[in-house]
Amino acid sequence: MFKIVFLTSLRFYQRFLSPLKPPVCRYYPSCSEYAFWQFEKNNALFAFFLTFFRIVRCNPLFSGGFDYPKVFKIFKSDTLCFKPKFLAQKKLHFLYIPCEDKGFYLVKIIFKGN
């Protein structure tokens, strides 16, 4: 329930409120996109905690840069694909890149053209 409320309010902010102000986020992806990915892929309490600390870090005291959200996902052996035929069909939206603490970085894929 909380997850749906947060996701809906984030999309409202991204579509209607964010275009009214200049882009000032020091990180990529932006703080609102980071929060959306966190709430989409993690549970609501953990996502809220990580988003809160991301927003606290988004100030002139920190250098900014790339800060992809970490998600924790359990992969089953039958769902792993070593020959990604689906890339040709452009159905891939996110990549899970392993990080050092048994989690994954979530990277969004944007297809240009066609």
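All of these numbers come straight from a predicted model, not from anything done at the bench.

As a further point, take the confidence of the model for the chain. Across the chain, pLDDT averages 77, with 71% of residues at or above 70. Of all secondary-structure elements in the chain, the lowest mean pLDDT belongs to strand β4 (residues 94-98), at 70, while helix α3 (residues 44-57) reaches the highest, 89.

Okay, the pattern of salt bridges next. Within this structure, the stated rule accounts for two salt bridges. With its nearest N and O atoms 3.6 Å apart, the salt bridge here joins D67 to R54. Separated by 13 residues along the polypeptide, D67 in the loop between β2 (65-66) and β3 (70-71) and R54 in helix α3 bring together distant segments of the chain. We classify D67 as buried; its relative accessible area is 15%. Several salt bridges converge on common partners, so that one network encompasses R54, R57 and D67.

Right, let's talk about the packing of helix α2 (residues 31-41) against α3 for a bit. Interaxial distance between α2 and α3 falls to 8 Å at its minimum, and their mutual angle equals 165°. Compared by their axis directions, α2 and α3 come out roughly antiparallel. Seen along the crossing, α2 lies across α3 with a hand that is right-handed. Along the contact surface, α2 presents C31, Y34, A35, Q38 and F39, while α3 presents A44, A47, F48, L50, T51, R54 and I55.

A separate point is α3. The terminal C-alpha atoms of α3 lie 20 Å apart, and with 14 residues this matches the ideal 20 Å at 1.5 Å per residue to within 8%. Of the positions making up α3, those classed as buried are A47, L50, T51 and R54. All buried residues of α3 lie within an arc of 100° about the axis, which places them on one face of the element.

Parameters and conventions
- Residues numbered from 1 in each chain as written.
- Predicted model: local features only at pLDDT ≥ 70, side-chain atom pairs only at ≥ 80, totals over all residues.
- Heavy atoms only, no water.
- pLDDT = per-residue confidence, 0-100.
- Helix = DSSP H or I, 4+ residues; strand = E, 2+ residues; numbered from the N terminus.
- Salt bridge = Lys/Arg side-chain N within 4 Å of Asp/Glu carboxyl O.
- Buried < 20%, exposed > 50% of the residue type's maximum accessible area, 1.4 Å probe, protein only.
- Axes fitted to C-alpha atoms, helices over the stretch in contact; angles between N-to-C directions.
- Parallel < 35°, antiparallel > 145°, perpendicular 65-115°, else oblique.
- Left-handed = near helix turned anticlockwise from the far one by under 90°.
- Contact = heavy atoms within 4.5 Å.
- Expected span 1.5 Å × (residues − 1).
- Arc of directions from axis to C-beta.

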